[in-house]
Amino acid sequence: MEVVVTGPVIEWRGPAPFYFVTLPHDEADRIAEVAAAVTYGWGMIPVTCRLGDTTWTTSLWPRQDSYVIPIKDKVRTAEGVRLGEVVLVTLTLQV
């Protein structure tokens, strides 16, 4: 299953800052339909992501009736992505 997401890069401050893109509700609903078959616990869903020329593996985190995509520092640096920038991320789930 492939899902294309466009959204701003947001920051969540914890012990270290984390950067995410939130899935719009339509895309989150599509993923929720198959979540039980692909989650490995706590609602985390493994995905392969592509942003620009960079591909990486991560897991979607459930958050506020949607999911967020963690954007690794390595990815942000490689693609020159800044906080607040609107990006396009392609997700691939193994369903």
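Only a predicted model underlies this, so the values are computations on that prediction, with no experimental measurement involved. (Residues numbered from 1 in each chain as written. Predicted model: local features only at pLDDT ≥ 70, side-chain atom pairs only at ≥ 80, totals over all residues. Heavy atoms only, no water.)

Undergrad: Help me out: how do you make sense of the overall build of the chain in this one?
TA: A count of helical and extended segments in the chain gives two helices and six strands. Relative to a compact globule of 95 residues, whose C-alpha radius of gyration would be 12 Å, the chain shows 12 Å and is just as compact. Evaluated residue by residue, the chain yields a buried proportion of 40% over its 95 residues. A fraction of 59% describes how many contacts in the chain between residues 6 or more apart in sequence connect residues 24 or more apart. Looking at the chain as shown, the accessible area adds up to about 5700 Å², and 53% of this sits on carbon and sulfur atoms. Side-chain charges of the chain comprise 8 positive and 11 negative groups, with the mean position of each set lying 9 Å from the other. (Helix = DSSP H or I, 4+ residues; strand = E, 2+ residues; numbered from the N terminus. Rg over C-alpha atoms; globule rule 2.2 N^0.38 Å. Buried < 20%, exposed > 50% of the residue type's maximum accessible area, 1.4 Å probe, protein only. Contact = heavy atoms within 4.5 Å. Areas by Shrake-Rupley, 256 points an atom, 1.4 Å probe, with all protein chains shown as cover. Lys, Arg positive; Asp, Glu negative; His and termini not counted. Charge placed at Lys NZ, Arg CZ, Asp CG, Glu CD.)

Undergrad: Explain the packing of aromatic side chains to me, please; I cannot follow it from the model alone.
TA: Geometry of an aromatic ring pair is reported as the spacing of the ring centres plus the angle between the planes. The full count for this structure, using the stated rule, is six aromatic pairs. Taking the centre distance of 6.1 Å and the plane angle of 55° together, the rings of Phe18 and Trp61 count as tilted. Pair noted here: Phe18 is in strand E2 (residues 17-22) and Trp61 is in strand E4 (residues 54-63), with a separation of 43 residues, a long-range link. Taking the relative accessible area as the measure of exposure, Phe18 reaches 35% and is therefore partly exposed. Of the residues examined, Trp61 reaches a relative accessible area of 27% and is grouped as partly exposed. Put simply, the rings of Trp12, Phe18, Phe20 and Trp61 pair up and form one aromatic cluster. The aromatic ring of Tyr19 is capped on one face by Arg76, whose charged end is 3.7 Å from the ring centroid. (Phe/Tyr/Trp six-rings, centres within 6.5 Å; stacked < 30°, edge-to-face > 60°. Lys NZ or Arg CZ within 6 Å of the ring centre and 35° of its normal.)

Undergrad: Honestly, the environment of Gln64 in this entry has me stumped. Any pointers?
TA: With respect to the helices and strands, Gln64 occurs in the loop between E4 and strand E5 (66-70). When its relative accessible area of 66% is taken as the criterion, Gln64 is described as exposed. When the C-alpha positions of Gln64 and Thr22 are compared, they lie 9.8 Å apart, and in sequence the two are 42 residues distant.

Undergrad: For this particular structure, what's the right way to read the pattern of salt bridges?
TA: Pairs can form between side chains of opposite charge whenever their charged atoms are close. Taken as a whole and judged by the stated rule, the model has one salt bridge. The salt bridge involving Asp73 is made with Arg76; its shortest N-O contact spans 2.4 Å. Of the two residues, Asp73 and Arg76 both sit in helix H2 (residues 73-79), three residues apart, roughly one turn of that helix. The class of Asp73 is partly exposed, set by a relative accessible area of 47%. (Salt bridge = Lys/Arg side-chain N within 4 Å of Asp/Glu carboxyl O.)

Undergrad: In this structure, what is going on with unusual backbone geometry? I would like to understand it.
TA: Glycine aside, the phi torsion of most residues is negative, and most peptide linkages are trans. Residues other than glycine seldom take positive phi values, yet Gln64 does so here, at roughly 50°. Its identity as a non-glycine residue notwithstanding, Asp65 has a phi of 60°, on the positive side. By the secondary structure assignment, Asp65 is in the loop between E4 and E5.

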